[in-house]
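# Tertiary structure, described
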Amino acid sequence: METNKFLIFSVYLVFILGAVESFEYLDKELETEEGLQDMYERWRAHHNVAEKSPDRFNVFKHNVRHVHKTNKMNKPYKLKVNKFAAMTNYEFVNTYADSKIGHIMALRGNLKDEAWGFSYENQTDLPKSIDWRQKNAVAPIKNQGQCGSCWAFAAVCAVETINAIRTGKLVTLSEQQLIDCDSTGRNNGCDGGIMQEAFTFITEHGGLATDASYPYEGHKHPCDKAKFGHHSVTLNGQEMIPPDDELSVMKAVANGVVTVGMDPYGDDFMLYSEGVFTAPGGTTSMHALNIVGYDETPEGIQYWIVRNSWGEGWGEKGYVRMQRGPAAPQPKGTCVMYGHPAMPRKDPDRPNNEL
Ligand SMILES: *[C@@H]1O[C@H](CO)[C@@H](O)[C@H](O)[C@H]1NC(C)=O
């Protein structure tokens, strides 16, 4: 499996940083093979894609036609020919979107017995809308690269936000520490993991180090244990948000950033550009993301503000709005995103280490 992945992706080089400006094309370029070939060359230059092959061109054509066709439909979201446009959906999901959330949660079993509880279960005065970015409580968009570490990015974002809410200071924290060190349980570096285990790990190992003290490398290394308990944000365990229940997710988001697992299969999510994503998606929770707020459009389409870890070039500057409310699939949510919601807990008087 690992060798396979390595073979596929060592020949397929995408420079995942940069290229924030979106790639534009003219309808008539799709009409001829020459037009598509020119478009492929322009796209390669735009995204600094070194690889070129007939296979990749075939995939590119498939994706371009899919974007074109979908954008002519009357959907509340649009797609774009982004940096992933020469990947098949299978390759894409395996490379960028597979933290195996549902799989690992099933192995781990039911968390109901654990004594954390849900602090916000009785909250009734929910705001009509909220956006933690506007309260300076969400770090800038990050980029996981070709490492199945979305679980670490989602966990870290939620910890950054609860810390910002409790202390008034937004500090960027370390995904790499989780990738290197949190491998005693179900979590496994670039090969997937779950946020619930990450919160337990952080609680039990002296907190989560800052990005500055334990920077991102995108590969698993030996754990630097000397960093435990230094320059770190501490936690007091985590919230038990009831699964498959939209109102509980809302109560949680009203109090911080929530991590969710979703099913990213389908070309639409890979090529998402803007608008409210409404596709029902699949059934398997794989890719980890953060809900950082909620609101509705002027037309009354209710949505979550969801943060991804694929750089600013994907979606709405790195974010996607996903449909919520009665029009979304219930009780599981768009792309089964209510299956395994999680959130760290930090008591207001809990001190950090050397911050
Ligand atoms: C919510 O209300 C119920 C019933 O009054 C109570 O038993 C429970 O402890 C409350 N939960 C929290 C987190 O305060």
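Residues numbered from 1 in each chain as written. Predicted model: local features only at pLDDT ≥ 70, side-chain atom pairs only at ≥ 80, totals over all residues. Heavy atoms only, no water.

Under the heading Sequence similarities (unreviewed entry), UniProt records this for the protein chain: "Belongs to the peptidase C1 family." (UniProt positions renumbered as here; feature names shortened; annotations may be inferred.)

### Thoughts on the overall build of the protein chain
Tallying secondary structure elements over the protein chain gives 10 helices and 11 strands in all. Against the 2.2 N^0.38 benchmark of 20 Å for 355 residues, the protein chain shows a C-alpha radius of gyration of 20 Å, consistent with a compact globule. Taking all 355 residues of the protein chain together, 56% fall into the buried category. The long-range fraction of contacts in the protein chain, counting pairs at least 24 apart against all pairs at least 6 apart in sequence, stands at 76%. Total accessible area on the protein chain is roughly 15,000 Å²; 53% of this is exposed by carbon and sulfur atoms. When the 36 basic and 45 acidic side-chain charges of the protein chain are each reduced to a single mean position, those positions are 1 Å apart. (Helix = DSSP H or I, 4+ residues; strand = E, 2+ residues; numbered from the N terminus. Rg over C-alpha atoms; globule rule 2.2 N^0.38 Å. Buried < 20%, exposed > 50% of the residue type's maximum accessible area, 1.4 Å probe, protein only. Contact = heavy atoms within 4.5 Å. Areas by Shrake-Rupley, 256 points an atom, 1.4 Å probe, with all protein chains shown as cover. Lys, Arg positive; Asp, Glu negative; His and termini not counted. Charge placed at Lys NZ, Arg CZ, Asp CG, Glu CD.)

### Description of the site of the ligand
All residues adjacent to the ligand are Phe118, Ser119, Glu121 and Asn122. In the model, a nitrogen atom of the ligand is placed 2.7 Å from a nitrogen or oxygen of the Glu121 side chain. The side chain of Asn122 places a nitrogen or oxygen atom 2.4 Å from an oxygen atom of the ligand. Relative to its unbound accessible surface of 360 Å², the ligand loses 30% to contact with the protein. Here the residues of the shell around the ligand are counted per class, giving one nonpolar, two polar and one charged. (Near = heavy atom within 4 Å. Polar contact = N/O pair within 3.5 Å; in protein donor to acceptor, adjacent residues only side chain to side chain. Nonpolar A, V, L, I, M, F, W, Y, C, P; charged D, E, K, R; others polar.)

### Here's the deal with the packing of helix 2 (residues 33–46) against helix 3 (residues 54–72)
How two helices sit against one another is set out by the angle between their axes and by the gap between those axes. At a minimum axis separation of 10 Å, helix 2 and helix 3 run at an interaxial angle of 100 degrees. Viewed along their axes, helix 2 and helix 3 adopt a mutual orientation that is roughly perpendicular. Two secondary-structure elements touch here, helix 2 through Glu33, Leu36, Gln37, Met39, Tyr40 and Trp43 and helix 3 through Arg56, Phe57, Phe60, Lys61, Val64 and Arg65. (Axes fitted to C-alpha atoms, helices over the stretch in contact; angles between N-to-C directions. Parallel < 35°, antiparallel > 145°, perpendicular 65-115°, else oblique.)

### Topic: the state of the cysteines
Throughout the structure, instances matching the rule amount to two disulfides. Put simply, Cys147 and Cys190 are joined by a disulfide, and their sulfur atoms are 2.1 Å apart. Every disulfide takes its handedness from the sign of the S-S torsion; for Cys147 and Cys190 that torsion is -90 degrees, giving left-handed. Here Cys147 is found in the loop between strand 2 (130–131) and helix 6 (150–167), whereas its partner Cys190 is found in the loop between helix 7 (175–181) and helix 8 (195–204), with 43 residues between them in sequence. On the basis of relative accessibility, which here comes to 23%, the residue Cys190 falls in the partly exposed class. Sequence-ordered numbering of the disulfide-bonded cysteines in the protein chain gives the connectivity 1-3, 2-4. Cysteine Cys157 shares no disulfide, and the gap to the nearest cysteine sulfur, in Cys150, comes to 13 Å. Overall, the relative accessible area of 1% leaves Cys157 in the buried class. A disulfide-free cysteine, Cys335 has its sulfur positioned 14 Å from the sulfur of Cys150, the nearest such atom. Assessed through its relative accessible area of 1%, Cys335 is described here as buried. (Disulfide = S-S within 2.5 Å.)

### Things to note about the domain arrangement of the protein chain
Domains assigned within the protein chain are domain 1 (2–86) and domain 2 (103–345). One C-alpha centre belongs to domain 1, the other to domain 2, and the line joining them spans 28 Å. Each partner contributes to the interface: domain 1 provides 23 residues, whereas domain 2 provides 23 residues. In this assembly, domain 1 packs against domain 2 so that about 1,800 Å² is buried in total across both faces, 53% of it on carbon and sulfur atoms. Interface area lost by domain 1 to domain 2 is led by Pro76, Tyr77 and Lys80, which between them contribute 31%. Our enumeration of links across domain 1 and domain 2 arrives at zero salt bridges. Those elements that place two or more of their residues in the side of domain 1 that touches domain 2 are helix 1 (2–10), helix 3 and strand 1 (77–79). In terms of residue count, helix 3 provides more of the side of domain 1 that touches domain 2 than any other element does, five residues in total. In terms of residue class, the side of domain 1 that touches domain 2 is made up of 12 nonpolar, five polar and six charged. (Domains from an automatic or database assignment. Buried area = accessible area lost by both parts, 1.4 Å probe. Salt bridge = Lys/Arg side-chain N within 4 Å of Asp/Glu carboxyl O.)

### Observations concerning the packing of aromatic side chains
Per the stated rule, a full pass over the model turns up 21 aromatic pairs. Measuring from ring centre to ring centre gives 4.9 Å for Phe92 and Trp310, while their planes differ by 80 degrees; the resulting arrangement is edge-to-face. Residue Phe92 is located in helix 4 (residues 89–96), and its partner Trp310 is located in the loop between strand 9 (302–307) and strand 10 (319–323); the two are separated by 218 residues in the primary sequence. An identical accessibility class is assigned to Phe92 and Trp310; each is buried. A ring pair is formed by Tyr272 and Phe277, whose centres lie 6.0 Å apart and whose planes are at 85 degrees; its orientation type is edge-to-face. (Phe/Tyr/Trp six-rings, centres within 6.5 Å; stacked < 30°, edge-to-face > 60°.)

### Comments concerning the UniProt feature "domain: Peptidase C1A papain C-terminal" (unreviewed entry) in the protein chain
Following the UniProt record, the feature "domain: Peptidase C1A papain C-terminal" (unreviewed entry) maps to residues 126–345 here. A distance of 19 Å separates the end C-alpha atoms of residues 126–345, which is 21% helix and 19% strand.

### Details of the pairing of strand 7 (residues 272–277)
Where burial is concerned, most of strand 7 is hidden: five out of the six residues are buried. Relative to strand 7, strand 1 is paired through three bridges, and the arrangement is antiparallel. In the sheet register, Leu79 faces strand 7, and the bridge partner there is Tyr272. The sheet contact formed by strand 7 and strand 10 spans two bridges and is parallel. (Pairing = 2+ DSSP bridges.)

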